[in-house]
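Examination of the molecular architecture
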Amino acid sequence: MHIIDSTNALLIKHSALFNSSTTTLPSSHLEVPRITQEQKALAQSCIQNIETLMPSSQLNRAVIALGSGSTAEAFVLEFALWAKKHQWQGRCIASSKRTEQLAHAAGLSVYLPTKDPDIMIDGADYINASKSMIKGYGGALFREKILAQRSTHYFILLQSSKITDALTQKTIPVEVLPFAASYFYQALIAQGRYQGMFRQRADKALFVTDNNTLICDITLLQSPLPPLDEVEKELKSLGGVVETGIFSGLNPEVFIEDKGRITKDINLFLSSSPNIGC
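Points about the nonpolar core
Counting 29 residues, the largest nonpolar core has Phe75, Phe79, Leu108 and Ile121 as its most contacted members. Looking at this core, the elements that each hand over two or more residues are helix 3 (37-51), strand 1 (63-66), helix 5 (70-85), strand 2 (91-94), helix 6 (97-105), strand 3 (119-122) and strand 6 (153-159). Counting residues per element, this core draws most heavily on helix 5, at six residues. Apart from the residues lying within four places of it in its own chain, the contact partners of phenylalanine 75 are Ala43, Cys46, Ile47, Ile50, Leu66, Ile121 and Leu157. Residues Ile172, Val174, Cys216 and Val241 belong to the second largest nonpolar core, which totals 24 residues.

Here's what the structure looks like:
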């Protein structure tokens, strides 16, 4: 019971964080992302692909959903340059407040989601050959997932180091309602095959998402490891869960950067790089 008692104490100590409304910093306070050449190349390759998806008149009115994280931010900056050059008249939907701030600062028009996105672009924390993913290490998993589910075209940009054949060995983020956080955690531990910890910031305060929710980072103790869909079903049954970081069945088009080369087919990439993901 010690681990449950200590987790309850943490939740109580920092309850003011999720009992008060969150605020968005003005774009003047936005830290400029550090974009690598690899991320920039991925973004540019994706934009070239987007240009071939639909007639220019349709693309000019498209709704584009923007993911979160450093690779998605690289796309935002590159796409903003393209949008300015081509006088793009479409609209964007952001999956996080930070992405929204960055897009606004770069000159893109960002709106609340009222129409389904034509295109969504995002990164991933881990992906396997079946294109199932673990996402949410940045804390935006609920908004990312619902936008991905509603998008006509879904693009994932990543480097080859993110490919694995053992997703269930990775930490799985789970977004939890603060009101039910203790109940959720007790039920999680009672399963006997998980360990988890509510995410904290650098100052040890609880990490609170843009949705005013908490993230519990979970690892599996059981061996052999169960299938991914079984894990997601069980986690969602515990009560208080908003969403999990398990993304499966979405069949994204994946852009993979490896040693300066970009491949758009994950299975083709793996067939030519057999040691990746082992």
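Section: the packing of aromatic side chains
Throughout the structure, instances matching the rule amount to six aromatic pairs. The interplanar angle of 20 degrees and the centroid separation of 5.4 Å between the aromatic rings of phenylalanine 79 and tryptophan 82 together place this pair among those described as stacked. Remark: tryptophan 82 and phenylalanine 79 occur in helix 5; sequence separation between them is three residues, near one turn of the helix. Residue class for phenylalanine 79 comes out buried when judged on its relative accessible area of 1%. The buried category is assigned to tryptophan 82, whose relative accessible area is 13%. Residues tyrosine 126 and tyrosine 137 carry aromatic rings whose centres are separated by 6.1 Å and whose planes lie at 75 degrees to one another, so their mutual orientation is edge-to-face. With tyrosine 126 in strand 4 (residues 126-127) and tyrosine 137 in the loop between strand 5 (133-134) and helix 7 (141-150), the pair connects residues that are eleven residues apart, well separated along the chain. On the basis of relative accessibility, which here comes to 22%, the residue tyrosine 126 falls in the partly exposed class. Owing to a relative accessible area of 33%, tyrosine 137 belongs among the partly exposed residues under this scheme. The residue whose ring lies beneath lysine 135 is phenylalanine 247, and the NZ or CZ to ring-centre distance is 5.4 Å. Sitting over the ring of phenylalanine 247, lysine 145 keeps its end group 5.0 Å from the ring centre.

Re the sheet that holds strand 5
Within a sheet, neighbouring strands are paired by backbone hydrogen bonds and run either parallel or antiparallel to one another. Strand order in the open sheet formed by three strands is 4-5-11, with antiparallel pairing between adjacent strands. The open sheet has two free edges, formed respectively by strand 4 and strand 11 (246-247), since each of these has just one partner strand. Bridge count between strand 5 and strand 11: two bridges; the pairing is antiparallel. In the strand pairing of strand 11, isoleucine 134 is matched with isoleucine 246.

Some words on helix 8 (residues 181-190)
Buried within helix 8 are the following residues: Ala181, Ser182, Phe184, Tyr185 and Leu188. Each buried residue of helix 8 lies within a common arc of 160 degrees when the element is viewed along its axis, so the set occupies one face. What points out from helix 8, more than 90 degrees from its buried face, is the exposed set Tyr183 and Ala190. Note on helix 8: the residue one or two positions beyond its end, glycine 192, has a positive phi of about 85 degrees.

A look at the pattern of salt bridges
Here the structure, examined in full by the defined rule, presents twelve salt bridges. A salt bridge links lysine 145 to glutamate 243, with the shortest nitrogen-to-oxygen separation between them at 2.9 Å. Here lysine 145 is found in helix 7, whereas its partner glutamate 243 is found in strand 10 (residues 241-244), with 98 residues between them in sequence. The residues lysine 145 and glutamate 243 share a single accessibility class, namely buried.

So, unusual backbone geometry
Although it is not a glycine, glutamine 87 adopts a positive phi angle of roughly 50 degrees. Tracing the chain through its elements places glutamine 87 in the loop between helix 5 and strand 2. Unusually for a residue other than glycine, asparagine 251 sits at a positive phi of about 50 degrees. Positionally, asparagine 251 belongs in the loop between strand 11 and strand 12 (253-258).

Thresholds, definitions, all that
Residues numbered from 1 in each chain as written. Predicted model: local features only at pLDDT ≥ 70, side-chain atom pairs only at ≥ 80, totals over all residues. Heavy atoms only, no water. Core = buried A, V, L, I, M, F, W, Y, C linked by side-chain atoms within 4.5 Å. Buried < 20%, exposed > 50% of the residue type's maximum accessible area, 1.4 Å probe, protein only. Helix = DSSP H or I, 4+ residues; strand = E, 2+ residues; numbered from the N terminus. Contact = heavy atoms within 4.5 Å. Phe/Tyr/Trp six-rings, centres within 6.5 Å; stacked < 30°, edge-to-face > 60°. Lys NZ or Arg CZ within 6 Å of the ring centre and 35° of its normal. Pairing = 2+ DSSP bridges. Arc of directions from axis to C-beta. Salt bridge = Lys/Arg side-chain N within 4 Å of Asp/Glu carboxyl O.

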